[in-house]
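Chain by chain, the residues run as shown.
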Amino acid sequence: MNYSTRVNICDIQIDKYPFDRVVEAIAHQAISRSTPKYVVTPNAQHIVALQHDARFRLIYHQAFIVVPDGVSLLWAAKLFNTPLSGRVNGTDLFEHLCKISADKGLKVFLLGGRTGAAKKAKQVLEARHPNLDIVGTYCPYYGFESDPEELKRINLAIQEAAPDILFVGLGAPKQEYWIYNNYQKLGVPVSIGIGVSFELVAGMVKRAPKFMQKAGLEWLFRLIMEPKRLWQRYFIGNIIFILLVLKQKFKLLWSSYIPMPKKDVV
C-alpha cells in the first residue's frame, strides 16, 4: 500500500483507499500468504482512545491498512480539506471478504463475539456462500486475556486450522491488543478486528436501517437499542471526538494565518 495517501485525523493516519481497493489489497495479502499483517478499522471512539493510549497508537502505526469505519471520520477529513474516498465499514468488509474467500478458496476463522455469535454467523455466511470454508470458530470467556492456558488453547485452535484470514470480534482495543500480541506467531496472512460484526451478521444485534447508515447515524441506532451499555461510549465519546476535531481545525486555520518569514535580499 502507498502510505502517501494517508489522511491525518487528530494525529491518526487513515488510509484514503476506497472500499473495493481495500478488499483487493486484503485479498491479495491473504492469497499471497506472505508475512502476517493486520488491519484496523477506526471510528470516533478509537480516535478518542488513541489520544491517551500509547500502546494502541503503536499498534495503529504498524498496521497494514487503517480504514475509516465511522462516517464521522469522513466528515472530519472533509472539514480539514483532505477528503477520504468513502467509508469502509467493518461489518460490510467482513461480509464482502467472506464472499471473496468463497470465490478464491480462502480459509476463514472467526474468533470472539458473544456466546454463540461466531457459530451463528458461520451458519448464516455458509448458507449465503456454499463454497465458503470457515475452518473454525472460538468464543473465549470474559477475562481470557489474563489466562495463559486459555491463550494457548486459542492459538493452538487457530494454528491447527491454518486460516488465510482471521476475523477477531473482541471489541476495541482488546481485539487490537490481542492481534498485535499474536499475529506473527500465528502466521495467519491477514488478521482484522471487526468489533460486533459477528452479532450483526448472526442477527443477535439488529443493524441500523440503510438510511441511518448512510446518514452516519448507525451509532444513534445502537445507542437506542442498548442505552445502558453504550450511552457513555457514544454520548461522551462523540463530544470528545468533536472537540478534538475542532482543535485540529483551529490549528490548521491558525497555521494558515502565520506569515512566512521574509528572506533577506542580498
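Shown above is the structure to which this text applies.
Keep in mind the model is a prediction, meaning the values are calculated, not measured. (Residues numbered from 1 in each chain as written. Predicted model: local features only at pLDDT ≥ 70, side-chain atom pairs only at ≥ 80, totals over all residues. Heavy atoms only, no water.)

**Student:** Give a description of the nonpolar core that names residues and reports values.
**Tutor:** With 39 residues, the main nonpolar core has Ile 9, Leu 111, Ile 158, Leu 166, Trp 178 and Phe 241 as its most contacted residues. Among all residues touching Ile 158, those that are not within four sequence positions of it are Phe 109, Leu 111, Pro 163, Leu 166, Trp 178, Leu 186 and Val 188. Counting residues in hydrophobic clusters, the runner-up holds 35 residues, among them Val 22, Ala 102, Ala 121 and Val 190. (Core = buried A, V, L, I, M, F, W, Y, C linked by side-chain atoms within 4.5 Å. Buried < 20%, exposed > 50% of the residue type's maximum accessible area, 1.4 Å probe, protein only. Contact = heavy atoms within 4.5 Å.)

**Student:** Break down the layout of surface pockets for me, citing the residues and quoting the values.
**Tutor:** In this structure, the second largest pocket encloses a volume near 160 Å³. Lining the second largest pocket we find Arg 55, Glu 145, Leu 151, Asn 155, Lys 174, Tyr 177, Trp 178, Asn 181, Asn 182 and Lys 185. Residue assignment for the lining of the second largest pocket shows that the elements contributing at least two residues are α7 (148-161) and α8 (174-186). Broken down by element, the lining of the second largest pocket gets its largest block of residues, six residues, from α8. Across the lining of the second largest pocket, the residue classes tally to three nonpolar, three polar and four charged. (1 Å grid on protein atoms, 1.4 Å probe; cavity = no way out; pocket = protein on both sides within 12 Å on 5 of 7 lines; lining within 4 Å. Points joined across faces, edges and corners; volume = space filled by probe spheres on them. Helix = DSSP H or I, 4+ residues; strand = E, 2+ residues; numbered from the N terminus. Nonpolar A, V, L, I, M, F, W, Y, C, P; charged D, E, K, R; others polar.)

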